[in-house]
Amino acid sequence: MAESAASVAIRKSVTVGVPVETAFAVFTEQIGSWWPLATKSVGQEDSIGLVIEPQVGGRVYEQVRSGEEHDWGEILTWEPPHRVVFTWHPGRGPETRQEVEVRYAVSEDGTRVDLEQRGWERLVATAEEIPDHYESGWDEVLSRYAQAAETS
């Protein structure tokens, strides 16, 4: 029997050589400057920004050249500088949302950033149906984030 999508989470971690406050700010306030919008967005080459509104109920949304905005999610938990949780459905309806939780903790080398994407049962039925590009996509995203944090 196939494993249920509800039991699966993608987990990624990265350590950045900056204080927790900086790590949180780079992820939440500067996301539009480092996110790979040309390849990981709704508008692709027409995308000009990505915004996280800093409060519970705030939007996560993409801006495109035409002036349109594409909702990617909504802030569920806002605990600066240690944790943010948001729904995740870029390019899809909110009924397909997952949750993304990002935690920030002091480490010997700066800040450890742990990301978890869960709630796959709203998008697919079994773990085998989870698209592989999510796993590699978060690797690329967190690599770009780490570079931005290290140069902030």
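In case you missed it, the structure is sitting above this.
Here's what I pulled together on the structure shown here.

Definitions and limits used
- Residues numbered from 1 in each chain as written.
- Predicted model: local features only at pLDDT ≥ 70, side-chain atom pairs only at ≥ 80, totals over all residues.
- Heavy atoms only, no water.
- Buried < 20%, exposed > 50% of the residue type's maximum accessible area, 1.4 Å probe, protein only.
- Helix = DSSP H or I, 4+ residues; strand = E, 2+ residues; numbered from the N terminus.
- Phe/Tyr/Trp six-rings, centres within 6.5 Å; stacked < 30°, edge-to-face > 60°.
- Axes fitted to C-alpha atoms, helices over the stretch in contact; angles between N-to-C directions.
- Parallel < 35°, antiparallel > 145°, perpendicular 65-115°, else oblique.
- Left-handed = near helix turned anticlockwise from the far one by under 90°.
- Contact = heavy atoms within 4.5 Å.
- Nonpolar A, V, L, I, M, F, W, Y, C, P; charged D, E, K, R; others polar.

1. Some details on helix α1 (residues 20–29)
Here is step 1: Most of α1 is tucked away: 7 of the 10 residues are buried.
Here is step 2: Looking only at α1, the buried set comprises V20, A23, F24, A25, V26, F27 and T28.

2. Section: the packing of aromatic side chains
Here is step 1: Within the structure shown, the criterion is met by 14 aromatic pairs.
Here is step 2: When the ring of F24 is compared with that of Y104, the centres are 5.2 Å apart and the planes differ by 70°; the resulting orientation is edge-to-face. Taken together, the residues span a long stretch of sequence, with F24 in helix α1 and Y104 in strand β6 (residues 98–107) at a distance of 80 residues. The same class applies to F24 as to Y104, namely buried.
Here is step 3: Geometrically, the ring pair formed by F86 and W88 is tilted, given 5.9 Å between the ring centres and 55° between the ring planes. The two residues F86 and W88 agree in class, both being buried.
Here is step 4: Taken together, the ring pairs in this structure connect F24, F27, W34, W35, W72, W78, F86, W88, Y104, W138 and Y145 into an aromatic cluster.

3. As for the packing of α1 against helix α3 (residues 132–150)
Here is step 1: Orientation of α1 relative to α3, taken along the N-to-C sense of each, is 125°, at an axis distance of 10 Å. Looking at the two axes, α1 sits oblique to α3. In the packing of α1 onto α3, the handedness of the crossing is right-handed. Between α1 and α3, the residues in contact are A23, F24, V26 and F27 and L142, Y145, A148 and A149, respectively.
Here is step 2: For the contact of α1 with α3, the per-class residue count stands at 8 nonpolar, no polar and no charged.

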